[in-house]
Amino acid sequence: MGALALALILVALPVSGSQFAFDPSRGLVELEATINGYMVGRFGIDTGADKFYLDRAFAKRARVAVTESDRGSVVRGIDGSSSVGKATLRSLDIQGERIYNVPVDIIDLSALTGGKWQAPDGLIGFPVLRRFYVTVDYPKQTLELYSHEKNYESDEVFGVPFTLQGYLIVVNVTIDGSAPLRFILDYCASMTILTPEALSRIGLKGNVNEYQVATEIKIVEVDESATPNVTFYIKSLNELGESSNFAGIDGILGYSFLASHKITVDYLREVLLFHR
């Protein structure tokens, strides 16, 4: 996403920050937003996305002028890929907060999932989110974006360091007391995912595209992050592995792990704050 749009977003949000309601019914952090003053869509807050994306079908319905890439640019997902176009939205309104002249990449979001489910109309990714303290309260179904650091009492939160691998939030986790595994924390993943290679490495058995339930998943040495009875999906990430950002990743922490938590992502200090 371009520097112009980032600057406009920073101006649009008040210093005190903004709180938005979101719909978790599909296991995603999705907000209702309006583009160009009239077309309403569902936008995912996506810590696993490297850019600001708009779905091609939604862009067509909204009559957005798209310039197709002549360089063969491709975006890859877990189950597919899409060519990339370019466009600029006249405006984007997120529950009363409006920004203007927003550059977006245009892709077929359904193709990235193999057409297995209805994709959001757009994804708001790393270039925007990294400028804020991003708090997602799954139980209360609210999202907060703050441009300044909030002060918390020590008994309100506990900090979990993470590593930024490119644009991805990576933490070490254990599954039922296993050796540590490297997982991405992804607000736009409807299910926790474990690769078959990682499953075998920790001594468990299962088939690709099969669901299992872990008695407990927790972040290494952080007992308070322990989450019981987490359903996970066995899925290869080889398609994503072509990018160095996904090198050595064993899985994705998605909604089935996140649903019971309130978490603030502090990109500046590379810390996750779990709220008690």
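Figured I'd write up the structure that's included with this text. Only a predicted model underlies this, so the values are computations on that prediction, with no experimental measurement involved.

### What to know about the environment of Val160
Item 1. Structurally, Val160 is set in strand 13 (residues 157–161).
Item 2. Taking the C-alpha atoms as reference, Val160 lies 8.6 Å from Glu270; in sequence the two are 110 residues apart.
Item 3. Non-local contacts of Val160, meaning those with residues more than four positions away in its chain, are made with Ile219, Val222, Glu270, Val271, Leu272 and Phe274.

### A closer look at the environment of Ile184
Item 1. Looking at the element boundaries, Ile184 is found in strand 16 (residues 181–185).
Item 2. Exposure remark for Ile184: the relative accessible area of 2% places this residue in the buried category.
Item 3. Placed 65 residues apart in sequence, Ile184 and Ile249 show a C-alpha to C-alpha distance of 7.3 Å.
Item 4. Leaving out residues up to four positions away in the same chain, Ile184 has contacts with Leu168, Ile169, Phe246, Ile249, Gly251, Ile252 and Leu253.

### Brief notes about unusual backbone geometry
Item 1. With a phi close to 55 degrees, Asn101 is a non-glycine residue in the positive phi region.
Item 2. Locating Asn101 in the fold gives a position in strand 9 (residues 97–107).

### Thoughts on the environment of Gly44
Item 1. If you trace the backbone, Gly44 turns up in strand 3 (residues 39–45).
Item 2. With 144 residues separating them in the primary sequence, Gly44 and Cys188 have C-alpha atoms 6.3 Å apart.

### Some remarks on the side chain of Thr195
Item 1. Here Thr195 is to be found in the loop between strand 17 (192–194) and helix 5 (196–201).
Item 2. Using a relative accessible area of 4% as the deciding quantity, one classes Thr195 as buried.
Item 3. The contacts of Thr195, once residues within four sequence positions are left out, are Lys235, Leu237, Ile249, Asp250 and Gly251.

### Quick word on the pairing of strand 22 (residues 271–275)
Item 1. Along strand 22, five of the five residues are buried, which leaves the element largely enclosed by surrounding structure.
Item 2. Going residue by residue along strand 22, you find Val271, Leu273 and His275 tucked away on one face and Leu272 and Phe274 tucked away on the opposite face as well.
Item 3. Two elements, strand 13 and strand 22, share five bridges in a ladder whose sense is antiparallel. Residue pairing in the sheet places Val157 in a bridge with His275 of strand 22.

### Side note on the packing of aromatic side chains
Item 1. One pass over the structure, following the stated rule, counts nine aromatic pairs.
Item 2. Between the aromatic rings of Tyr211 and Tyr233, the centroid separation amounts to 4.7 Å while the plane-to-plane angle is 40 degrees, which identifies the pairing as tilted. You can see Tyr211 sitting in strand 18 (residues 211–219) and its partner Tyr233 sitting in strand 19 (residues 227–234), a full 22 residues away along the chain.
Item 3. The class for Tyr233 is buried, based on a relative accessible area of 17%.
Item 4. Ring pairs connect the aromatic residues Phe22, Tyr138, Tyr187 and Tyr255, which therefore count as one cluster.

Definitions and cut-offs
- Residues numbered from 1 in each chain as written.
- Predicted model: local features only at pLDDT ≥ 70, side-chain atom pairs only at ≥ 80, totals over all residues.
- Heavy atoms only, no water.
- Helix = DSSP H or I, 4+ residues; strand = E, 2+ residues; numbered from the N terminus.
- Contact = heavy atoms within 4.5 Å.
- Buried < 20%, exposed > 50% of the residue type's maximum accessible area, 1.4 Å probe, protein only.
- Pairing = 2+ DSSP bridges.
- Phe/Tyr/Trp six-rings, centres within 6.5 Å; stacked < 30°, edge-to-face > 60°.

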